[in-house]
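Take a look at the letters that make up each chain.
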Amino acid sequence: MAARAKLKMASPEPKSLVPFTRESLEVMEQHSAKKPSEEDKEDLKPNCDLEVGKELPFVYGNLPQAMVSEPLEDVDPYYTNKRTFIVLNKKRTIFRFNATWCTLSPFNSIRRATIKILVHPFFRLFILVSVLTDGIYMSMTDLPKWGPALQNTLLGIYTFEILVKLIARGIWAGPFYFFGDSWNWLDFSVTLFEHISRYSPLNFISVCRIMRNLRILKIIPLNQGLKSFVAILIHCLKKLTVVIILTLFFLSVFSLIGMGLFMGNLKHKCLRWPQENETDMLNNRTGNPYYIRETENFYYLEGERYALLCGNRSDASQCPEGYVCVKAGVNPDDGYTNFDSFGWALLALFRLMTQDYPEALYHQILYASGKVYMIFFVVISFWFAFYMASLFLGLLAISYEEEKQTAAEKATIDQEFQKSLPELQEEKITAETKTIQIEMKKRSSTSMITSLDVLDDATISHKEVSELKKSRQRCPFCWYKFAKTFLIWDCSPCWLKLKEFVHRIIMDPFTDLFLTICIILNIHFLALEHYPMSLETSNILSIGNVVFIGIFTAEMIFKIIAMYPYGYFQVGWNIYDSLIVFHGLAELYLTNVHGLAILRSFRVLRIFRLGRYWPTFKILMLTLCNSIVALKDLVLLLFTFIFFSAVVGLNLYGSKYKKYVCNINEDCQLPHWHMHDFFHSFLNVFRILCGEWIETLWDCFKVAGQFSCIPFYMMVILIGKLLILYLFLALIISFSSYKPATTEEFSEEAKNLQRAMARIKKGINYLLSKIVCKKQNVLEETMDNISDVYVKENISDHTLSELSNTQDFLKDKEKSSGTEKNTMTENESQSLIPSPSVSETVPIASEESDIENPDNKEIQSKSGDGSSKEKVKQSSSSECSTVDIVLSEEEMVYECEKPKHLRNVYERRSSSAQIGRGPKKGKIWKNIRKTCCKIVENNCFKCFIGLVTLLSTGALAFEDIYIDQRKTIKILLEYADMIFTYIFILEMLLKWMAYGFKAYFTNGWYKLDFMVVIVFCLSLIGKSREELKPLVSIKFLRALRVLSQFEKMKVVVRALIKTTLPTLNVFLVCLMIWLAFGIIGVHLFAGKFYECIDPTSGERFPLSEVMNRSQCESLVFNESMPWENAKLNFDNVGISFLSLLQVATFNGWITIMNSAVDSTDVDMQPNFENNIYMYCYFIDFIIIGLFLPLSMLIGAIVANFHKHKIKQGGSNIFITVKQKKQYRALKKLMYEDSQQPVPLPENKFQRFIFDLVTSRVFNIIIMTLICFQAITIMIQSEEQSPKIDTALFWINSVYVMLYIGECVLKLIVFHCNYFTSGWNIFDFMVVVFSITGLFLPLMVGYYLVSPSLVQLILLSRIIHILHPEKGLKLFHNLLLPLMLSLPALLNISLLIFLIMFIYAIFGMYNFAYVKKEAGIDDMSNFETFSSSMLCLFRVTIFAGWDGMLNAVFNSKWSDCDPNKINPGTQVRGDCGNPFLGIIYFVSYILLTRLIIVNMYIVVVMEFLNIASKKKAKTLSEEDFRKFFQVWKRFDPERTQYIDSSKLSDFAAALDPPLFMAKPNKGQLVAMDLPMAVGDRIHCLDVLLALTKRVLGKDLSMEKVLSEMESGLTLANTFKITYEPITTTLKRKQEVVSATIIQRAYKSYRLRQNDKNTSDTHMIDGDREVQAIKEDSYIDKAEGVSILQSQI
């Protein structure tokens, strides 16, 4: 409706284009002199189709040449009285100007000339070219000689542009003036500053260059798309303001906590002391500071740059013998990593939040403070970073959805507008013909001729339309004629027969199958290339390449013959195939040409030929192309920002990197990463946007200083990340509409593949049927005999009535089969693996329903009630197994082999009488199985099995490298393993007897239990025999049993399977892209990562000493260090995938890129940046191989998540049924007032204190005290004087006393009710611990109790800012989605912990004795369970897992010692297993990333869910709760009434959708609310009126409102005693009437008292009366209009 209204406003009878004249200006001034009514102000809004920069719609007619670049009257009605006019250029682009005020007249010739220059398209193009030229010039390092001349020319151009704009637009700051546009302010400031710097005697050269960089941003206003996206992002920033404030708040709090915990700890180092006597040591410790400063006395680990950190805690790093841990020297990383002041702590926390090089900070803190502080890093690096990222993603997703909706509305308007264009043209033509006919009758023959000319013009317009359609064709007509003559070969009948024959062959399904197989084989051949490769293998691959080129060439030739060249090149895939063929032929021809070997890399394009036969690939590529086209302006904006940042970095720091290079490199040579030239500056900015910024920031500190670098880096990080996140979200949302292709959407080639496979299957089945035909006939005869015997047995054992029932069932079998299938599929959809058929009953239906159908409440109630359960068991066969209870154990096998329909007949017998007629063995067997069912169904048994499962899983954590030294624990664990094994075997046997084999083994979770039992047995067997000892290492699989025992984990696993398995096709597409990059990497870098290393220093030999492999091997001292390859390289496709994974996770990618850039050739020594443009390969991979595939994959997962969420009725798929109830309770808790009402004290003094402590002013004072207390911590530093320490002690004492006073006042007022609020209990605990922390150090000393303890305890009160009533409400709204997602997040976190546990145990079994180097050290290793969990946490957040993998790669004699003796154990060696390590780390990364992605999806979807509910015009239970919460503030006495004077404030205090913004008195009066005595209004009347306002007056809504009113009336009978005496509308009329009467009486008295001034008083009185009448009329009109609008 809105779109039609907008279209109606623009399309019918639009205002024609009229020149802007002096008369037009006079009319505007006359209109502007009149004050428009308020209704006109509300109705008139700017038309979005007539905004500045857009093209004028064609509905306004053709643009005559005389009106181009001339002032025209504004066609937008909104600007009728704004004194504006428009100007159109040749492209119909709208420019709007002001006609008056601070500008020349629109009719001035100078201004007209400048306007013509300004609106000309060439002028904008000229300025754009100038800006691009200026940008290229600014990116140059070595400026040319003609540089100054170019600068002067460009400055002149910019000055001329500003003058043109000033004259054309005027110098005022209003809309459409020059200074009304912020971009003009930027241009003016930069140009003015450049002029000042040119002609000023002061030296502004460096500042001038920096200011000139802002000129690059001038590209944005010159492109309307970029300008609109900037406006969108600014709108997003406004929404993100609260998130940014909340992020800064949390960062500040965590920084203060970090200061309290780690201040000064990173200066603790191991120092060597003299061993002469104790006195000398003490003298050195206290009296000789120079000894401490000597760095050679610190202890250094091998290959480390900084001294070893240590701590005084038992779990911290300990110094070796001869060294003591003292606080000395500087902080690590040249003093840039510490918590000694608030600024450095904030930088460290920001680094942890962005997860840049966090592993180094982990190690430093854990070494210096202890492993217990890992909790601090888990909270920040995982939960805090996750929550902040979710907030940003959620709000950006909401803003993007809003923009998407507005764009969709505009698109619908445009579509309707395009549809209406022909109708409007026809209406115009018919109107013209009618007028012509009328005039033909009136006028003479001469006039008839002229009218006929007009008619000819109308017909010409039709011709113009047809010609326009022809002009929109792709090519001119002559090209079509040429193509028909030369590109369509139908010259000879023989040729046509050949064409038909070739067409039949090339279009055959088996031809497409053959071509697909050839493409797959070609991909396989491409992936087989490796280094070193034998000559035979190389020849085979070369021959294969020639063969495949020949096949593809023949395919192209045959298709050209079959389809003609014209038809062949009409298909895009054919053009792609022809390019591949031409490339292959050119490569064969240019094989021996030097320098063209890079052509081999383009062979990977053959991989994407699979997309022709792969519908998923085609859909994804089409979606990607459409998304990139739609987001091209955003991509261009991102590239513009990167270019701008690179130029700014070059001009700010380029010269400083060269000048102070010795500060960052000992050899005084520029490193790989710097900003001395544009390319390296661009690479540095790209690295920052990838999340690696802290190391380059340290280098920047060394060359440019801290205050110069931090603003630049923060600008790049914050703005760049915002752009990337917005682009990433846009791509994800576009891919979230992904649906698997249906058969109808398949291409002809894909259908041919299906046809070929169907024919092959048909042929195989035909051959198999011929071969086994005789056997099948024999089998059918035996089955018939068995059926006859079975029927006879049934007749003998059962009654005739029962047999008749059986026959009826057989007749109805076909009718019920469809229903059974549907039921089966529904049950299977809830299970990990499809459940048994519905027709096959199992002993305990409720047992399987707990797994298969968790939502089945009926079954759950039966299982919960023992009596009802017993009744069901007596009359139903559900307590029996899949075989009949009468049968013996031998007959069970026979029963399973029966035909299905006979078995179903047999299973339907459930009468107890019939069961009683069975043999005695059957009754005993039945009782045994019923007993087993009761046992396995018993809740105590389930809890016991769950407890045993947890104990058996937890026991694995004790089996570390120290288990052999703990004999007692080892013996206990061995006995415990035996007990656990027997218990689980017993449980399995009980379930076998209770459920039967078929029911047991058709359930996925029971299969998992069976596998775990096998693992238990194998581990026991492995312990008994030495040769089977490797079987013990599979014990880690025991932990998988936890999955089947806990419903929360089962729900998560099911949900992950539902959301992930359908995306397998998308994952294969992403894998194909990676395969292409892996093959390119092999072509570019295979064998080129080898280098000659100096064994003494570990550094690479310079090229001047060693040039190739032969020189390296000829060195005398290099016998133990041969020509060495990098551990991660591109020698084959497999290792290329691993290298690309490290690049994708940004772990170890800098080392890989440096090796690639330094590479020269095979068997040649690398040289520094010899191949610098190889950086482009990795940049392309990050964009094309990481960013786009990741958005595809996540988009597909989001689509599946949304689909399954809709199937479950909108509930979260990651929570159980019980948690859904908890979710609703949590939702109520979040919206309800948590504090219970406190009775008002009767004592006046207590009442005064009550009013004081409950007032908002008191809360503000307390919050201010908390903030000041946080500021006192911020100003502290590690090296502060003792006086400051004393002052801080007394300040903390004052804070403690004030908090004690607050607590005492509240206890006086609230008494025991004080402890009914959780916030009050928290405050009381803070006060108690603060007192303890204040006086405890005075008694036991500061060594045992830290002085910062009191500060941290007091700081914990800052959490009151998040209080929903006392704190900021916006923070509460941001915490709401996280709290509502908490049940699902906890379930997912449990699964992540289980995966970490399993992998930690596996790591302990396989990597416990790996040599400690790279990422494996004393803190992070696999020796114990805690250390293994620490390592896996690092892998989870991508923190240095490349170092651990490098340590595991040590498998050669040169890297490790396989015979090394490990003390305390029989295991020898410290080598790793590379193959096992790759599988271990890669599988863990993929699993955890998949789960974490779903965590993000859960929170972001909750954001979108809350936002959609707010937009929808519906009222929920939470809205009513909020209404009553606000009512409590206005009605503290709980009388259910408020005074009518408070109603306006009350309505403004409500939350949307009941919210009514001020001024709202007129709307409230128009609601006609009933009023009781004393002008009071009841809450029910207000609530119902506001509800009607939101929901409208639909019939269905009336029923809902009446039901709600009756329910509330019954619940609140207090209203009955107060009947309403009037309404708000009547009272308003009474007030107005009384006012009129009073003023009339006053005027009468004044006339009687003073006749001289009576006339004046009468006039005034009349005016007042008239104003009152107008006010009352307006109020009534407003009320009526509001009611009408609601209707």
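Rules behind the numbers
The residue numbers shown here count from 1 along each chain, following its written sequence. Totals for whole chains, interfaces and linings use all residues, but because this is a predicted model, local features are given only for residues with pLDDT of at least 70 and pairs of side-chain atoms are given and counted only at 80 or more. For the side-chain quantities, the full set of heavy atoms in the structure was used; hydrogens and water were omitted. Each helix corresponds to a stretch of at least 4 residues labelled H or I by DSSP, and each strand to a stretch of at least 2 residues labelled E; elements are numbered beginning at the N terminus. Each residue is placed in one exposure class: buried if its accessible area under a 1.4 Å probe, protein chains only, is under 20% of its type's maximum, exposed if it is over 50%, and partly exposed if it falls in between. Here the rule is simple: two strands pair whenever DSSP picks up at least two bridges between them. Orientation is described by lines fitted to C-alpha atoms, with helices fitted over the stretch in contact, and by angles between N-to-C directions that extend from 0 to 180 degrees. When an angle is under 35 degrees it counts as roughly parallel; over 145 it counts as roughly antiparallel; between 65 and 115 it counts as roughly perpendicular; any other value is oblique. Pairs of residues are marked as contacts when any of their non-hydrogen atoms sit within 4.5 Å. Residue polarity follows a fixed list, in which Ala, Val, Leu, Ile, Met, Phe, Trp, Tyr, Cys and Pro are nonpolar, Asp, Glu, Lys and Arg are charged, and the others, Gly among them, are polar. Looking at any residue, its pLDDT shows the predictor's confidence there, from 0 to 100. Two cysteine sulfurs form what is called a disulfide whenever their separation falls within 2.5 Å. Working definition: rings of Phe, Tyr and Trp (its six-membered ring) pair if their centres are within 6.5 Å, and the pair is stacked with planes under 30 degrees apart, edge-to-face with planes over 60 apart, and tilted otherwise. Definition used: whenever NZ (Lys) or CZ (Arg) falls within 6 Å of the ring centre and also within 35 degrees of the ring normal, the charge is taken to sit over that ring.

This part takes up the environment of His-1363. Tracing the sequence through the fold places His-1363 in the loop between α54 (1348–1355) and α55 (1369–1380). Put simply, His-1363 and Trp-1319 are 44 residues apart on the chain and 8.6 Å apart in space, counted from C-alpha to C-alpha.

Right, let's talk about the pairing of strand β4 (residues 268–272) for a bit. In terms of burial, β4 is largely enclosed, as four of its five residues are buried. Looking at chain direction, β4 and strand β5 (residues 323–327) are connected through five bridges and run antiparallel. By the bridge assignment for β5, Arg-272 is matched with Tyr-323.

Packing of helix α46 (residues 1133–1144) against helix α58 (residues 1441–1448) leaves a shortest axis separation of 11 Å and a crossing angle of 150 degrees. The pairing of α46 with α58 is recorded here as roughly antiparallel in orientation. Between α46 and α58, the residues in contact are Leu-1138, Leu-1141 and Gln-1142 and Trp-1441, Asp-1442 and Leu-1445, respectively. The residue makeup of the contact of α46 with α58, split by class, is four nonpolar, one polar and one charged.

So, about the confidence of the model for the chain. Per-residue confidence for the chain gives a mean pLDDT of 78; residues scoring 70 or more make up 76%. For residues 1654–1687, every residue scores under 50 in pLDDT, and the model assigns this stretch 23 contacts once sequence neighbours within four places are set aside.

Turning our eyes to something else, we now look at the state of the cysteines. Tallying each qualifying case throughout the model produces six disulfides. Here Cys-310 pairs with Cys-325 through a disulfide, and the sulfurs are 2.0 Å apart. Disulfide Cys-310-Cys-325: the torsion about the S-S bond is 95 degrees, which places it as right-handed. Here the residue Cys-310 occupies a position in the loop between α12 (289–293) and β5, and Cys-325 occupies one in strand β5, the gap between them amounting to 15 residues.

In this chain, Tyr-531 is followed by Pro-532 through a cis amide linkage whose omega measures -5 degrees. Inspection of the secondary structure assignment puts Pro-532 in the loop between α19 (509–527) and α20 (535–568). With a phi angle near 60 degrees, Arg-83 is a residue other than glycine that sits in the positive phi range. Examined against the element boundaries, Arg-83 turns out to sit in the loop between β1 (71–73) and β2 (84–88). Given a relative accessible area of 32%, Arg-83 falls into the partly exposed group. In this structure, Cys-668 takes a positive phi of about 55 degrees despite not being glycine.

Let's shift gears to the environment of Leu-240. The residue Leu-240 is located in helix α10 (residues 224–262) in this model. Put simply, Leu-240 and Leu-395 are 155 residues apart on the chain and 6.9 Å apart in space, counted from C-alpha to C-alpha. Each residue touching Leu-240, except ones within four places of it in the same chain, is listed here: Phe-392, Leu-395, Leu-396 and Leu-722.

Before going further, it helps to spend a moment on the packing of aromatic side chains. Any aromatic ring pair is given by two values, namely how distant the centres are and how the planes are angled relative to each other. Overall, the coordinates contain 83 aromatic pairs when judged by the stated rule. Consider the rings of Phe-728 and Phe-1187, whose centres lie 5.5 Å apart with planes at 50 degrees: the pair is tilted. Residue Phe-728 is found in helix α26 (residues 706–735), and its partner Phe-1187 is found in helix α48 (residues 1175–1207); the two are separated by 459 residues along the sequence. According to the relative accessible area criterion, Phe-728 is buried, its value standing at 14%. Here Tyr-1480 and Phe-1481 contribute two aromatic rings whose centre-to-centre distance is 5.1 Å and whose plane-to-plane angle is 85 degrees, an arrangement assigned as edge-to-face. Just as Tyr-1480 is buried, Phe-1481 falls in that class too. Three or more aromatic residues joined by ring pairs form one cluster here, namely Phe-1036, Tyr-1399, Phe-1402, Phe-1407, Phe-1422, Trp-1441, Tyr-1480, Phe-1481 and Tyr-1484. When the ring centre of Tyr-78 is taken as reference, the NZ or CZ atom of Lys-82 above it lies at 4.9 Å. Across the ring face of Tyr-1299, the terminal group of Arg-1357 is positioned such that the distance to the ring centre comes to 4.6 Å.

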